[in-house]
Amino acid sequence: MTPDSLRAALGGVPDPDWLDTALRRVAAEPTAITRLFPAAGRRCGRAELPDAPGWTADDAARVLLLTSLPGDHAAYAESLYQHGDAAERRAVLRALPLLPIGAAGVPLLHDAIRTNDTRLVAAALGPYARHLEPAAWRQAVLKCVFSGVALAAVADLDTRADGELAAMLAALAAERHAAGRELPADATDLLDRLTAALPREA
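A few points on the structure. Please read these numbers as outputs of a predicted model, since none were measured by experiment.

This part covers the overall build of the protein. What the protein contains, in helices and strands, is 12 helices and 0 strands. Taken from the N to the C terminus, the helices and strands of the protein come in the order α-α-α-α-α-α-α-α-α-α-α-α. Residues classed as buried in the protein amount to 45% of the 202 residues present. Of the contacts formed within the protein by residues at least 6 apart in sequence, a portion of 63% connects residues at least 24 apart. Counting every atom, the protein has about 10,100 Å² of accessible surface; 54% of that belongs to carbon and sulfur. Each charge sign in the protein was given a centre, from 21 positive and 26 negative side chains, and these centres are 5 Å apart.

Okay, here's the thing in structure tokens:
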């Protein structure tokens with residue numbers, strides 16, 4: 001999603017004037033975001049956005065607030081994440097790929113992946129996860145399998161999945177099978193695809 005598409009999807013929020021004013025305020029007075037960011041859920045609602053599947057109004061509004069900052073994006077993202085509740089942290093994670101911060105937000109991904117909040121784990125594995133090192137990314141994919149996060153949430157899964165991830169999934173599948181359990185269907189499908197793509201031994 002782009003800021004423009006999120007703005008269009010927010011056309012029906014309960015208080016559009018508040019959002020317009022908040023965006024202008026943040027652009028002119030960046031420190032105002034510390035007050036406006038938490039208020040977005042109350043003023044814009046938390047409903048799913050029909051024109052932005054998987055997004056809620058508060059998510060989108062908070063992402064727009066972050067992208068409206070004139071500078072210091074990484075510092076504000078870190079502060080809002082560290083002091084935010086789960087919904088605010090998720091919005092920060094979803095904003096990261098839209099901010100000009102390079103890899104500065106990677107520590108926030110590591111923190112989110114360590115949590116047991118599946119919403120944060122899923123948000124951490126969106127497009128910004130391209131900045132994760134391969135080993136950390138593979139472990140994060142396994143965390144999804146363990147915690148029940150659908151692998152559809154993992155950006156670039158088919159292009160980044162490799163033989164090492166296949167070996168890790170195969171080991172997990174063997175453990176589950178020995179315990180009388182199976183991998184989730186999406187993990188089994190991924191393992192099957194990866195195994196089929198591996199070179200055959202002579």
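Turning to the environment of leucine 172, a few remarks are in order. Tracing the sequence through the fold places leucine 172 in helix α11 (residues 163-178). Along the primary structure leucine 172 and arginine 119 are separated by 53 residues, whereas in three dimensions their C-alpha atoms are 23 Å apart. Beyond its immediate sequence surroundings of up to four residues, leucine 172 is in contact with Leu142, Val145, Phe146 and Leu183.

Roughly 370 Å³ of volume is contained in the largest pocket. Looking at the largest pocket, it is lined by 20 residues, and the ones nearest its centre are Trp55, Arg94, Ala123, Gly126 and Pro127. At the level of secondary structure, the elements contributing two or more residues to the lining of the largest pocket comprise α6 (86-95) and α8 (118-124). Ranked by the residues each element gives to the lining of the largest pocket, the list is headed by α8, at 4 residues. A per-class count over the lining of the largest pocket returns 14 nonpolar, 2 polar and 4 charged.

Counting across every chain of the model gives 12 salt bridges. The partner of aspartate 117 in a salt bridge is arginine 119, with the nearest N and O atoms 3.1 Å apart. Residue classification places aspartate 117 among the buried residues on the basis of a relative accessible area of 18%. Overall, arginine 119 belongs to the partly exposed group, its relative accessible area being 41%.

It is at 10 Å that the axes of helix α5 (residues 73-83) and helix α7 (residues 106-114) come closest, and there the two elements cross at 20°. As far as their axial angle goes, α7 and α5 are roughly parallel. You can see that α5 and α7 cross each other, and the crossing is left-handed. Counted together, Ala77, Glu78, Tyr81 and Gln82 of α5 and Leu108, Asp111 and Ala112 of α7 form the full contact between these two elements. For the contact of α5 with α7, a count of residues per class yields 4 nonpolar, 1 polar and 2 charged.

Put simply, helix α3 (residues 33-44) and helix α4 (residues 57-67) touch, their axes get as near as 8 Å, and they point 155° apart. Judged by the angle between their axes, α3 and α4 are roughly antiparallel. Note on packing geometry: the crossing formed by α3 with α4 is right-handed. Side by side, α3 and α4 meet where Ile33, Leu36, Phe37, Pro38, Ala40, Gly41 and Cys44 of the first sit next to Ala57, Asp58, Ala61, Arg62, Leu65 and Leu66 of the second.

Scoring rules and cut-offs
Residues numbered from 1 in each chain as written. Predicted model: local features only at pLDDT ≥ 70, side-chain atom pairs only at ≥ 80, totals over all residues. Heavy atoms only, no water. Helix = DSSP H or I, 4+ residues; strand = E, 2+ residues; numbered from the N terminus. Buried < 20%, exposed > 50% of the residue type's maximum accessible area, 1.4 Å probe, protein only. Contact = heavy atoms within 4.5 Å. Areas by Shrake-Rupley, 256 points an atom, 1.4 Å probe, with all protein chains shown as cover. Lys, Arg positive; Asp, Glu negative; His and termini not counted. Charge placed at Lys NZ, Arg CZ, Asp CG, Glu CD. 1 Å grid on protein atoms, 1.4 Å probe; cavity = no way out; pocket = protein on both sides within 12 Å on 5 of 7 lines; lining within 4 Å. Points joined across faces, edges and corners; volume = space filled by probe spheres on them. Nonpolar A, V, L, I, M, F, W, Y, C, P; charged D, E, K, R; others polar. Salt bridge = Lys/Arg side-chain N within 4 Å of Asp/Glu carboxyl O. Axes fitted to C-alpha atoms, helices over the stretch in contact; angles between N-to-C directions. Parallel < 35°, antiparallel > 145°, perpendicular 65-115°, else oblique. Left-handed = near helix turned anticlockwise from the far one by under 90°.

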